[in-house]
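Spelled out from the first residue to the last, the chains are:
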Amino acid sequence: MSNGKSIRMFLADGTPGGIITAEIMNWTGHVVTAPRSRLADLLRRPELVRTGVYILIGDDTENIDRSLIYIGESDNVGTRLTRHACEEDNGGKDFWNRVVVITSKDSNLTKGHVWHLESKMVEIATAEARVGLINRRAPEPCALPEADCADMAFFIDQVRIILPVLGFDFLRERNVITAARANQITPQPTISPRFELNSPRHSIRAEAQEIDGEFIVLCGSQARAQWTGGAHTYQTLHQGLIRDNKLIPHPGSDHLTFNEDTIFNSPSAASAVILGRPDNGRKTWTIAGSGQSYAAWQESQMPTLPAEE
(Lines give C-alpha, C1' and ligand atoms only; values in the text may rest on other atoms or scores of the structure.)
Protein backbone atom coordinates (compact mmCIF):
# COMPACT_ATOMS: atom_id res chain seq x y z
CA MET A 1 0.00 0.00 0.00
CA SER A 2 1.10 3.60 -0.51
CA ASN A 3 2.64 5.65 2.27
CA GLY A 4 0.62 8.47 3.76
CA LYS A 5 1.53 12.14 3.63
CA SER A 6 1.44 14.58 6.51
CA ILE A 7 0.25 18.01 5.34
CA ARG A 8 0.22 20.86 7.82
CA MET A 9 -2.35 23.57 7.11
CA PHE A 10 -2.64 26.78 9.10
CA LEU A 11 -5.46 29.31 8.98
CA ALA A 12 -3.35 32.40 9.45
CA ASP A 13 -6.29 34.60 10.45
CA GLY A 14 -8.47 31.88 11.92
CA THR A 15 -11.02 31.83 9.07
CA PRO A 16 -11.37 29.13 6.37
CA GLY A 17 -11.87 31.74 3.63
CA GLY A 18 -8.83 33.82 4.51
CA ILE A 19 -5.08 33.32 4.29
CA ILE A 20 -4.08 29.64 4.48
CA THR A 21 -0.57 28.20 4.54
CA ALA A 22 0.31 24.57 3.76
CA GLU A 23 3.45 22.48 4.06
CA ILE A 24 4.41 18.82 3.64
CA MET A 25 6.66 17.16 6.20
CA ASN A 26 10.29 16.99 5.02
CA TRP A 27 9.62 19.21 1.99
CA THR A 28 11.33 22.58 1.62
CA GLY A 29 8.40 24.11 -0.25
CA HIS A 30 5.85 26.47 1.25
CA VAL A 31 2.38 27.27 -0.13
CA VAL A 32 0.14 30.16 0.85
CA THR A 33 -3.24 31.04 -0.65
CA ALA A 34 -5.60 33.95 -0.10
CA PRO A 35 -8.59 35.63 -1.71
CA ARG A 36 -7.91 38.78 -3.71
CA SER A 37 -9.84 40.74 -1.10
CA ARG A 38 -7.07 39.89 1.39
CA LEU A 39 -4.18 40.80 -0.90
CA ALA A 40 -3.12 43.73 1.28
CA ASP A 41 -2.69 41.38 4.26
CA LEU A 42 -1.00 38.74 2.14
CA LEU A 43 1.58 41.23 0.89
CA ARG A 44 2.71 41.84 4.48
CA ARG A 45 3.83 38.22 4.86
CA PRO A 46 7.56 37.39 4.59
CA GLU A 47 6.99 34.77 1.85
CA LEU A 48 5.86 37.46 -0.56
CA VAL A 49 9.32 39.05 -0.87
CA ARG A 50 10.88 35.72 -1.89
CA THR A 51 11.51 34.21 -5.29
CA GLY A 52 8.60 31.99 -6.23
CA VAL A 53 5.80 30.90 -8.51
CA TYR A 54 2.26 32.25 -8.24
CA ILE A 55 -1.09 31.19 -9.69
CA LEU A 56 -3.98 33.60 -10.23
CA ILE A 57 -7.37 31.85 -10.14
CA GLY A 58 -10.77 33.10 -11.32
CA ASP A 59 -14.11 31.96 -12.68
CA ASP A 60 -14.69 31.07 -16.31
CA THR A 61 -17.90 32.95 -17.11
CA GLU A 62 -18.43 30.82 -20.23
CA ASN A 63 -18.04 27.45 -18.49
CA ILE A 64 -19.31 27.11 -14.93
CA ASP A 65 -17.56 23.76 -14.52
CA ARG A 66 -14.03 25.12 -14.73
CA SER A 67 -11.79 27.95 -13.59
CA LEU A 68 -9.36 30.24 -15.36
CA ILE A 69 -5.76 30.43 -14.16
CA TYR A 70 -2.59 32.35 -14.91
CA ILE A 71 0.80 30.94 -13.85
CA GLY A 72 3.75 33.27 -13.34
CA GLU A 73 7.06 33.65 -11.51
CA SER A 74 9.05 36.47 -9.97
CA ASP A 75 12.10 37.27 -7.88
CA ASN A 76 9.71 39.22 -5.66
CA VAL A 77 6.25 37.71 -5.82
CA GLY A 78 4.65 40.52 -3.84
CA THR A 79 5.78 43.18 -6.27
CA ARG A 80 4.42 41.19 -9.21
CA LEU A 81 1.06 40.59 -7.52
CA THR A 82 0.74 44.29 -6.78
CA ARG A 83 1.09 44.90 -10.51
CA HIS A 84 -1.52 42.24 -11.34
CA ALA A 85 -3.95 43.87 -8.89
CA CYS A 86 -4.05 47.07 -10.97
CA GLU A 87 -6.78 47.81 -13.51
CA GLU A 88 -6.30 46.05 -16.85
CA ASP A 89 -5.77 49.44 -18.50
CA ASN A 90 -2.74 49.82 -16.24
CA GLY A 91 -1.30 46.36 -16.96
CA GLY A 92 -3.24 44.41 -14.34
CA LYS A 93 -5.57 41.42 -14.60
CA ASP A 94 -9.25 41.59 -13.67
CA PHE A 95 -10.31 37.93 -13.90
CA TRP A 96 -8.77 36.54 -10.71
CA ASN A 97 -10.33 36.31 -7.26
CA ARG A 98 -7.78 34.07 -5.49
CA VAL A 99 -4.02 33.54 -5.59
CA VAL A 100 -1.66 30.71 -4.66
CA VAL A 101 1.99 31.53 -3.94
CA ILE A 102 4.64 28.76 -3.93
CA THR A 103 8.02 29.54 -2.40
CA SER A 104 10.71 27.74 -0.42
CA LYS A 105 11.13 27.71 3.36
CA ASP A 106 14.91 27.76 3.02
CA SER A 107 14.91 30.58 0.42
CA ASN A 108 17.04 28.45 -1.91
CA LEU A 109 14.83 28.79 -4.98
CA THR A 110 16.64 30.83 -7.61
CA LYS A 111 15.37 32.69 -10.65
CA GLY A 112 16.38 29.69 -12.77
CA HIS A 113 14.45 27.31 -10.51
CA VAL A 114 11.17 29.25 -10.63
CA TRP A 115 11.49 29.83 -14.36
CA HIS A 116 11.81 26.06 -14.73
CA LEU A 117 8.86 25.47 -12.37
CA GLU A 118 6.67 27.97 -14.22
CA SER A 119 7.39 26.27 -17.54
CA LYS A 120 6.66 22.79 -16.22
CA MET A 121 3.49 23.87 -14.40
CA VAL A 122 2.13 25.55 -17.54
CA GLU A 123 2.94 22.37 -19.46
CA ILE A 124 1.14 20.18 -16.91
CA ALA A 125 -1.91 22.45 -16.65
CA THR A 126 -2.20 22.43 -20.45
CA ALA A 127 -1.91 18.64 -20.65
CA GLU A 128 -4.39 17.93 -17.83
CA ALA A 129 -6.90 20.44 -19.32
CA ARG A 130 -8.89 20.84 -16.12
CA VAL A 131 -8.96 24.64 -16.36
CA GLY A 132 -8.73 27.44 -18.88
CA LEU A 133 -5.11 28.65 -19.02
CA ILE A 134 -4.76 32.28 -20.03
CA ASN A 135 -0.97 32.34 -20.33
CA ARG A 136 -0.27 33.52 -23.86
CA ARG A 137 2.60 31.08 -24.26
CA ALA A 138 4.47 28.46 -22.32
CA PRO A 139 7.96 29.72 -21.40
CA GLU A 140 10.90 27.57 -22.37
CA PRO A 141 12.28 25.66 -19.36
CA CYS A 142 15.51 27.01 -17.96
CA ALA A 143 18.60 24.88 -18.61
CA LEU A 144 19.35 23.64 -15.09
CA PRO A 145 22.06 21.21 -13.96
CA GLU A 146 20.94 17.59 -13.86
CA ALA A 147 20.74 17.52 -10.07
CA ASP A 148 18.62 20.67 -9.99
CA CYS A 149 16.24 19.22 -12.59
CA ALA A 150 15.74 16.19 -10.35
CA ASP A 151 15.12 18.46 -7.35
CA MET A 152 12.56 20.49 -9.27
CA ALA A 153 10.79 17.33 -10.49
CA PHE A 154 10.37 16.28 -6.84
CA PHE A 155 9.28 19.83 -5.94
CA ILE A 156 6.52 19.76 -8.56
CA ASP A 157 5.38 16.31 -7.38
CA GLN A 158 4.80 17.78 -3.91
CA VAL A 159 2.97 20.78 -5.36
CA ARG A 160 0.67 18.40 -7.25
CA ILE A 161 -0.14 16.67 -3.94
CA ILE A 162 -0.72 19.78 -1.84
CA LEU A 163 -2.80 21.90 -4.25
CA PRO A 164 -5.79 19.50 -4.46
CA VAL A 165 -5.88 19.42 -0.66
CA LEU A 166 -6.36 23.19 -0.80
CA GLY A 167 -9.14 22.73 -3.37
CA PHE A 168 -7.17 23.38 -6.58
CA ASP A 169 -7.17 20.52 -9.11
CA PHE A 170 -5.53 22.19 -12.12
CA LEU A 171 -2.26 20.21 -11.80
CA ARG A 172 -3.89 16.98 -10.63
CA GLU A 173 -3.16 13.99 -12.84
CA ARG A 174 -6.13 12.77 -14.81
CA ASN A 175 -7.11 9.22 -13.96
CA VAL A 176 -6.99 6.80 -16.87
CA ILE A 177 -7.72 3.09 -17.12
CA THR A 178 -5.31 1.03 -19.16
CA ALA A 179 -4.32 -2.63 -19.22
CA ALA A 180 -0.74 -1.65 -18.41
CA ARG A 181 -1.84 0.28 -15.35
CA ALA A 182 -4.02 -2.58 -14.15
CA ASN A 183 -0.96 -4.87 -14.17
CA GLN A 184 1.27 -2.47 -12.25
CA ILE A 185 2.45 -3.44 -8.80
CA THR A 186 2.53 0.20 -7.68
CA PRO A 187 -0.39 1.49 -5.57
CA GLN A 188 -3.57 1.72 -7.61
CA PRO A 189 -6.30 4.36 -7.38
CA THR A 190 -9.69 3.50 -5.89
CA ILE A 191 -11.80 2.45 -8.88
CA SER A 192 -15.52 1.71 -8.89
CA PRO A 193 -17.31 -0.89 -11.02
CA ARG A 194 -18.19 0.25 -14.52
CA PHE A 195 -21.52 2.07 -14.65
CA GLU A 196 -23.80 2.42 -17.65
CA LEU A 197 -26.64 4.72 -18.63
CA ASN A 198 -29.05 3.64 -21.35
CA SER A 199 -31.82 5.63 -22.98
CA PRO A 200 -33.55 3.37 -25.56
CA ARG A 201 -35.94 6.19 -26.39
CA HIS A 202 -33.08 8.32 -27.68
CA SER A 203 -30.82 5.40 -28.76
CA ILE A 204 -27.92 6.54 -26.59
CA ARG A 205 -25.65 4.65 -24.23
CA ALA A 206 -22.89 5.86 -21.93
CA GLU A 207 -20.34 4.29 -19.60
CA ALA A 208 -18.55 5.76 -16.59
CA GLN A 209 -16.37 4.91 -13.62
CA GLU A 210 -15.57 6.69 -10.40
CA ILE A 211 -11.82 6.90 -9.86
CA ASP A 212 -10.36 8.42 -6.68
CA GLY A 213 -13.60 10.32 -6.08
CA GLU A 214 -13.96 11.69 -9.62
CA PHE A 215 -16.91 10.59 -11.76
CA ILE A 216 -15.55 10.02 -15.27
CA VAL A 217 -17.67 9.45 -18.37
CA LEU A 218 -15.64 7.29 -20.74
CA CYS A 219 -14.61 8.20 -24.25
CA GLY A 220 -17.09 6.94 -26.85
CA SER A 221 -20.12 7.44 -24.63
CA GLN A 222 -23.10 9.12 -26.28
CA ALA A 223 -25.20 12.17 -25.37
CA ARG A 224 -28.15 14.08 -26.76
CA ALA A 225 -27.26 16.96 -29.05
CA GLN A 226 -29.86 19.36 -27.67
CA TRP A 227 -30.70 20.51 -24.16
CA THR A 228 -34.45 19.96 -23.79
CA GLY A 229 -34.92 20.75 -20.11
CA GLY A 230 -35.59 24.17 -18.66
CA ALA A 231 -32.86 26.72 -17.98
CA HIS A 232 -30.27 25.08 -15.71
CA THR A 233 -26.59 25.36 -14.84
CA TYR A 234 -26.07 21.95 -16.45
CA GLN A 235 -27.29 23.43 -19.72
CA THR A 236 -24.26 25.75 -19.64
CA LEU A 237 -22.06 22.74 -18.93
CA HIS A 238 -23.59 20.86 -21.89
CA GLN A 239 -22.90 23.82 -24.18
CA GLY A 240 -19.37 24.23 -22.84
CA LEU A 241 -18.47 20.60 -23.59
CA ILE A 242 -19.70 21.07 -27.16
CA ARG A 243 -17.71 24.29 -27.52
CA ASP A 244 -14.56 22.59 -26.18
CA ASN A 245 -14.99 19.68 -28.62
CA LYS A 246 -15.35 17.16 -25.82
CA LEU A 247 -18.79 16.36 -27.25
CA ILE A 248 -18.66 15.97 -31.02
CA PRO A 249 -21.20 14.90 -33.68
CA HIS A 250 -21.64 11.14 -34.01
CA PRO A 251 -21.47 10.00 -37.67
CA GLY A 252 -24.79 8.77 -39.01
CA SER A 253 -26.90 9.88 -36.04
CA ASP A 254 -28.35 12.99 -34.44
CA HIS A 255 -26.60 12.59 -31.09
CA LEU A 256 -23.11 13.44 -29.80
CA THR A 257 -20.13 11.36 -28.69
CA PHE A 258 -17.64 12.06 -25.93
CA ASN A 259 -14.31 12.65 -27.63
CA GLU A 260 -12.29 11.85 -24.48
CA ASP A 261 -12.72 10.65 -20.91
CA THR A 262 -14.54 13.55 -19.22
CA ILE A 263 -14.61 14.38 -15.52
CA PHE A 264 -17.83 15.49 -13.82
CA ASN A 265 -18.30 16.66 -10.26
CA SER A 266 -21.21 14.26 -9.70
CA PRO A 267 -23.14 11.41 -11.35
CA SER A 268 -26.11 13.79 -11.75
CA ALA A 269 -24.05 16.35 -13.67
CA ALA A 270 -22.94 13.58 -16.03
CA SER A 271 -26.40 12.12 -16.59
CA ALA A 272 -27.94 15.57 -17.10
CA VAL A 273 -25.47 16.38 -19.87
CA ILE A 274 -26.05 12.98 -21.49
CA LEU A 275 -29.87 13.16 -21.34
CA GLY A 276 -30.12 16.87 -22.12
CA ARG A 277 -32.19 17.63 -19.01
CA PRO A 278 -31.82 17.65 -15.20
CA ASP A 279 -31.54 14.11 -13.84
CA ASN A 280 -30.80 12.23 -10.61
CA GLY A 281 -27.74 10.33 -11.74
CA ARG A 282 -27.51 8.43 -8.47
CA LYS A 283 -30.54 6.43 -9.67
CA THR A 284 -29.96 6.56 -13.44
CA TRP A 285 -26.42 5.15 -13.50
CA THR A 286 -26.39 1.40 -12.89
CA ILE A 287 -23.64 -1.19 -12.64
CA ALA A 288 -23.20 -2.92 -15.99
CA GLY A 289 -24.66 -6.42 -15.90
CA SER A 290 -26.31 -6.17 -12.49
CA GLY A 291 -28.65 -3.20 -12.72
CA GLN A 292 -27.66 -1.99 -9.25
CA SER A 293 -27.93 1.79 -9.07
CA TYR A 294 -25.02 4.05 -8.20
CA ALA A 295 -26.80 5.02 -4.97
CA ALA A 296 -27.35 1.38 -3.97
CA TRP A 297 -23.74 0.49 -4.81
CA GLN A 298 -22.43 3.41 -2.76
CA GLU A 299 -24.61 2.39 0.17
CA SER A 300 -23.29 -1.17 -0.06
CA GLN A 301 -19.75 0.12 0.49
CA MET A 302 -20.63 1.45 3.93
CA PRO A 303 -19.25 -0.59 6.86
CA THR A 304 -21.65 -2.31 9.21
CA LEU A 305 -21.64 -0.42 12.49
CA PRO A 306 -22.98 -1.54 15.87
CA ALA A 307 -26.60 -0.56 16.44
CA GLU A 308 -27.24 2.36 18.76
CA GLU A 309 -28.28 1.35 22.25
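Heads up: the structure comes first, above all this text.
First, a word on scope: everything that follows refers to the structure included in this document. Just so it is clear, the model here is predicted, and its values are computed rather than measured.

What follows concerns the packing of helix α3 (residues 111-128) against helix α4 (residues 146-165). For the pair α3 and α4, interaxial distance at closest approach is 10 Å and the crossing angle is 50 degrees. If you check the angle between α3 and α4, you find them oblique. The handedness of the crossing between α3 and α4 is right-handed. Here His113, His116, Leu117, Lys120, Ile124 and Glu128 of α3 come into contact with α4, specifically with Asp148, Cys149, Met152, Phe155, Ile156 and Arg160. A breakdown of the residues in the contact of α3 with α4 according to their chemical character gives 6 nonpolar, 2 polar and 4 charged.

Each pair of aromatic rings is reported with the distance of its centres and the angle of its planes. Tallied over the entire structure, the rule returns 10 aromatic pairs. The interplanar angle of 55 degrees and the centroid separation of 5.4 Å between the aromatic rings of phenylalanine 195 and tyrosine 294 together place this pair among those described as tilted. Placement of phenylalanine 195 in strand β8 (residues 195-199) and of tyrosine 294 in helix α9 (residues 294-300) is noted, with a sequence separation of 99 residues between them. Taken as a pair, phenylalanine 195 and tyrosine 294 share a single burial class, namely buried. The rings of Phe195, Phe215, Trp285, Tyr294 and Trp297 are connected pair by pair, giving a single aromatic cluster. Positioned above the aromatic ring of tyrosine 70, the side-chain terminus of lysine 93 is 4.4 Å from the ring centre.

Turning next to the nonpolar core. Within the largest apolar cluster, 31 residues are counted, with the highest numbers of intra-cluster contacts made by Val31, Ile55, Leu163 and Phe170. Among the elements of the structure, β2 (20-24), β4 (52-59), β5 (67-74), β6 (96-104), α3 and α4 are those that each provide at least two residues to this core. Ignoring sequence-local partners within four residues, the contact set of leucine 163 consists of Val31, Ile55, Val100, Phe168, Phe170 and Leu171. In terms of nonpolar packing, the next biggest core, distinct from the first, is built from 23 residues, Leu197, Leu247, Ala270 and Trp285 among them.

Before going further, it helps to spend a moment on the sheet that holds strand β13 (residues 255-258). Strand order in this open sheet of 3 strands is β11-β13-β12, and the pairing throughout is antiparallel. Edge positions in the sheet fall to β11 (222-224) and β12 (247-249), since each of these pairs with one other strand and no more. Going across the sheet, the axis of each strand differs from the next one's by a mean of 45 degrees, ignoring polarity. Where β11 meets β13, 3 bridges bridge the pair, whose relative direction is antiparallel. Along β13, the bridge assignment pairs glutamine 222 with threonine 257. Across the sheet, helix α6 (residues 233-243) touches β11, β12 and β13, and the angle it forms with β12 is around 65 degrees. Packing against the sheet, helix α7 (residues 267-275) makes contact with β11, β12 and β13, and its axis sits at approximately 65 degrees to β11.

Adjacent strands of a sheet pair through backbone hydrogen bonds, lying either parallel or antiparallel. The antiparallel open sheet is built from 5 strands, whose spatial order is β14-β10-β9-β8-β15. Each edge of the open sheet is held by one strand with a lone partner, namely β14 (262-264) and β15 (286-287). Bridging between β8 and β15 involves 2 bridges; their strand directions are antiparallel. Counterpart to phenylalanine 195 in the pairing with β15 is isoleucine 287.

Turning our eyes to something else, we now look at the pattern of salt bridges. Using the criterion set out here, one finds 17 salt bridges in the structure. For arginine 172, the salt bridge is made with aspartate 169, and the minimal N-O distance between the two is 3.9 Å. Take aspartate 169: its relative accessible area is 29%, and that puts it in the partly exposed class. Where arginine 205 meets glutamate 207, a salt bridge forms, and the shortest distance between an N and an O atom there is 3.4 Å. Salt bridges sharing partners connect three or more residues here, namely Asp13, Arg38, Asp41 and Arg44.

Mapped onto the elements of the fold, histidine 255 is located in strand β13. Separated by 32 residues in sequence, histidine 255 and alanine 223 place their C-alpha atoms 5.9 Å apart. Apart from the residues lying within four places of it in its own chain, the contact partners of histidine 255 are His202, Ser203, Ile204, Gln222, Ala223, Arg224, Ala225, Ile248, Pro249 and His250. Within the structure, histidine 255 has its side chain in polar contact with the side chain of serine 253 (distance 3.3 Å).

Procedures and definitions
- Residues numbered from 1 in each chain as written.
- Predicted model: local features only at pLDDT ≥ 70, side-chain atom pairs only at ≥ 80, totals over all residues.
- Heavy atoms only, no water.
- Axes fitted to C-alpha atoms, helices over the stretch in contact; angles between N-to-C directions.
- Helix = DSSP H or I, 4+ residues; strand = E, 2+ residues; numbered from the N terminus.
- Parallel < 35°, antiparallel > 145°, perpendicular 65-115°, else oblique.
- Left-handed = near helix turned anticlockwise from the far one by under 90°.
- Contact = heavy atoms within 4.5 Å.
- Nonpolar A, V, L, I, M, F, W, Y, C, P; charged D, E, K, R; others polar.
- Phe/Tyr/Trp six-rings, centres within 6.5 Å; stacked < 30°, edge-to-face > 60°.
- Buried < 20%, exposed > 50% of the residue type's maximum accessible area, 1.4 Å probe, protein only.
- Lys NZ or Arg CZ within 6 Å of the ring centre and 35° of its normal.
- Core = buried A, V, L, I, M, F, W, Y, C linked by side-chain atoms within 4.5 Å.
- Pairing = 2+ DSSP bridges.
- Salt bridge = Lys/Arg side-chain N within 4 Å of Asp/Glu carboxyl O.
- Polar contact = N/O pair within 3.5 Å; in protein donor to acceptor, adjacent residues only side chain to side chain.

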